[in-house]
Amino acid sequence: GRCIGVDVGGTKIAAARVEPDGSLSRRFRTDTRAAEGPASVIERICQGIEQVMGEESVEGIGIACPGPLNARTGVVLSPPNLPGWDRVPLKDRLEERFGVPVRVENDANAAAWGEYLMGAGRGADPMIYITVSTGIGGGMVLDGRLYRGADTYAGEIGHTIVDPGGAPCGCGRRGCLEAMASGTAIARAGAEVVRKGNRRIRELSGGSAPRAEHVFAACREGDEDASRIISETVRYLAIGISNIIHLFNPRAIVIGGGVASAGDVLFPSLRERVRACLMPSFAGTFELLPAKLGEDAGVIGAAALWAKRSE
Ligand code: ADP
Ligand code: ZN
């Protein structure tokens, strides 16, 4: 039936009604204003749900939320992107308020499920989804189901270690894929070469701190520092992805997130690098595909948690 999907991000909250065919209506969007704390953020989530609910009944509400969280109990633990949140019973709060069943899922898992049912990963099993954005997240579909693990914490591809002595990660450890190859890591490397005298990246970023897209733009122009940064990024992504391929023998790896918008630069070199990292038996067993749902992945995936097959 018809469901509501809500995507709670560190910067914005998006909601919509989602029809069984995946089409969206009654879109809602507002700033998260995460710094105001849980009560205020939950109030804005509720406003969004009210706005898209309308008169007709809905079968369920799905919430894609930054982790860590427990997807069975719907308790949000303490996401770095949601300051002040600590074991917030989001599912219970929303069920009390709306009298409609609610499912809460890690945002990358929800996006993975959306891409599997309605996006680039349709029909591929196992399917691995990776979002390369401010951080790096992931989700896995195995045997037609979202794989959550014993405590629903599975899929933290961004915190698999790709360089034991590497950069410090927000999780407190070193050399995680997220610390080495996220949009934040690319921007950090860009700032570093600007400090050492790189002009092209400085010009492209207009004097303010460079972002990942400026490094990609310089790379397209053949800037050497930028090309080296992107090539290192691709090297780390290829290590992380090849580890996952060896573990799961997936049919498709779907890559989304803001950094994947630079797919023209990223995908050709990433395909080549991944191939070079694999045991020969894995050659030709999988596709490496850009995600299709874009900004709507969270909303569609969250609503799709009500598709029968997700449990
Ligand atoms: P969020 O992390 O909030 O989910 P996004 O998925 O949009 O948001 O990811 C944001 C990251 O993607 C930032 O590091 C940003 O610099 C980077 N980014 C956004 N657009 C592009 C682009 N066209 N090319 C490369 N990187 C991009
Ligand atoms: Zn980490």
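Everything numeric here is computed off the predicted structure, so don't read it as measured data. (Residues numbered from 1 in each chain as written. Chains lettered and ligands numbered in written order. Predicted model: local features only at pLDDT ≥ 70, side-chain atom pairs only at ≥ 80, totals over all residues. Heavy atoms only, no water.)

J.: I'd like a description of the overall build of the protein, backed by residues and values.
T.: Of regular secondary structure, the protein possesses ten helices and 13 strands. Over its C-alpha trace the protein gives a radius of gyration of 20 Å, about what one expects of a compact globule, namely 19 Å for 311 residues. The principal-axis extent of the C-alpha atoms belonging to the protein is close to 55 × 45 × 35 Å. The proportion of buried residues among the 311 residues of the protein is 53%. Total accessible area on the protein stands at roughly 14,000 Å², and carbon and sulfur atoms take up 49% of it. Averaging the positions of the 36 positive and the 37 negative side-chain charges in the protein gives two centres separated by 2 Å. (Helix = DSSP H or I, 4+ residues; strand = E, 2+ residues; numbered from the N terminus. Rg over C-alpha atoms; globule rule 2.2 N^0.38 Å. Buried < 20%, exposed > 50% of the residue type's maximum accessible area, 1.4 Å probe, protein only. Areas by Shrake-Rupley, 256 points an atom, 1.4 Å probe, with all protein chains shown as cover. Lys, Arg positive; Asp, Glu negative; His and termini not counted. Charge placed at Lys NZ, Arg CZ, Asp CG, Glu CD.)

J.: Any chance you could break down the sheet that holds strand S7 (residues 88-89) for me, citing the residues and the numbers?
T.: Pairing is antiparallel in the open sheet, where three strands are placed in the order S5-S6-S7. Each edge of the open sheet is held by one strand with a lone partner, namely strand S5 (69-70) and S7. (Pairing = 2+ DSSP bridges.)

J.: Any chance you could break down the packing of helix H7 (residues 212-220) against helix H8 (residues 224-248) for me, citing the residues and the numbers?
T.: At a minimum axis distance of 7 Å, the contact between H7 and H8 shows a crossing angle of 115°. Judged by the twist between their axes, the crossing of H7 over H8 is left-handed. Contacts between H7 and H8 involve Val 215, Phe 216, Ala 218 and Cys 219 on the former and, on the latter, Ala 226, Ser 227, Ile 229 and Ile 230. A breakdown of the residues in the contact of H7 with H8 according to their chemical character gives seven nonpolar, one polar and no charged. (Axes fitted to C-alpha atoms, helices over the stretch in contact; angles between N-to-C directions. Left-handed = near helix turned anticlockwise from the far one by under 90°. Contact = heavy atoms within 4.5 Å. Nonpolar A, V, L, I, M, F, W, Y, C, P; charged D, E, K, R; others polar.)

J.: Quick rundown of the confidence of the model for the protein? Include the residues and the values.
T.: Residues at a pLDDT of 70 or more form 99% of the protein, whose mean pLDDT is 96. Predicted complex, confidence summary: ipTM 0.98, pTM 0.95. (pLDDT = per-residue confidence, 0-100.)

J.: Go over the environment of Glu 36 with me, naming the residues and quoting the values.
T.: Here Glu 36 shows up in the loop between strand S3 (24-31) and helix H1 (38-53). C-alpha of Glu 36 to C-alpha of Gly 144: the two residues are 108 residues apart in sequence and 39 Å apart in space. Among the polar contacts listed, one links the side chain of Glu 36 to the side chain of Ser 40, at a separation of 2.8 Å. (Polar contact = N/O pair within 3.5 Å; in protein donor to acceptor, adjacent residues only side chain to side chain.)

J.: Tell me about the sheet that holds strand S2 (residues 12-18), and please be specific about residues and values.
T.: Pairing within the open sheet is mixed, and its five strands lie in the order S3-S2-S1-S4-S8. Edge strands, defined here as strands with exactly one partner in the open sheet, are S3 and strand S8 (102-106). Averaged over all adjacent pairs, the angle separating strand axes in this sheet is 15°, with direction ignored. Pairing geometry for strand S4 (residues 60-65) and S8, over five bridges, is parallel. For Gly 62, the partnering residue across the bridge sits in S8 and is Arg 103. Lying over the sheet, H1 contacts strand S1 (3-8), S2, S3 and S4, oriented at roughly 155° with respect to S3. Sheet contacts for helix H3 (residues 107-118): S4 and S8; angle to S8, the most-contacted strand, approximately 100°.

J.: Lay out the pattern of salt bridges in plain terms, naming residues and giving numbers.
T.: Under the defined criterion, the tally for this structure stands at 19 salt bridges. Residue Glu 105 pairs with Arg 148 through a salt bridge whose shortest N-O separation is 2.6 Å. In this pair, Glu 105 sits in strand S8 while Arg 148 sits in the loop between strand S11 (145-146) and helix H4 (177-181), placing the two residues 43 residues apart along the sequence. Of the two residues, Glu 105 and Arg 148, both sit in the buried class. Its salt-bridge partner being Glu 221, residue Arg 200 comes within 2.5 Å of it at the nearest N-O pair. Of this pair, Arg 200 sits in helix H6 (residues 199-204) while Glu 221 sits in the loop between H7 and H8, placing them 21 residues apart in sequence. (Salt bridge = Lys/Arg side-chain N within 4 Å of Asp/Glu carboxyl O.)

J.: Can you lay out the coordination of the zinc ion (ligand 2) for me, pointing to particular residues and giving the numbers?
T.: Listed as protein donors to the zinc ion (ligand 2) are His 159 (ND1), Cys 169 (SG), Cys 171 (SG) and Cys 176 (SG); their distances from the metal cover 2.0 to 2.3 Å. Around the zinc ion (ligand 2) sit four donor atoms, and with donor-metal-donor angles ranging over 106 to 116° the site reads as tetrahedral. One chain supplies every donor for the zinc ion (ligand 2), spaced along it as H-x9-C-x1-C-x4-C. Of this pair, His 159 sits in the loop between S11 and H4 while Cys 171 is found in the loop between S11 and H4, placing the two residues twelve residues apart along the sequence. (Donors = N, O, S within 2.8 Å, 3.2 Å for Na, K, Ca; no water. Tetrahedral: all angles 85-135°; square planar, octahedral: opposite > 155°, others 65-115°.)

J.: An account of unusual backbone geometry is needed here, citing residue identities and associated values.
T.: In the segment running from Gly 67 into Pro 68, the intervening peptide bond is cis, with an omega of 0°. Positionally, Pro 68 belongs in the loop between S4 and S5. With an omega dihedral of -5°, the bond running from Asp 125 to Pro 126 counts as a cis peptide bond. As for its placement among the helices and strands, Pro 126 is situated in the loop between H3 and strand S9 (127-132). Located in the positive-phi region is Arg 87, a residue other than glycine, with phi close to 50°. You can see Arg 87 is positioned in the loop between strand S6 (75-76) and S7. For Arg 87, a relative accessible area of 57% translates into the label exposed.

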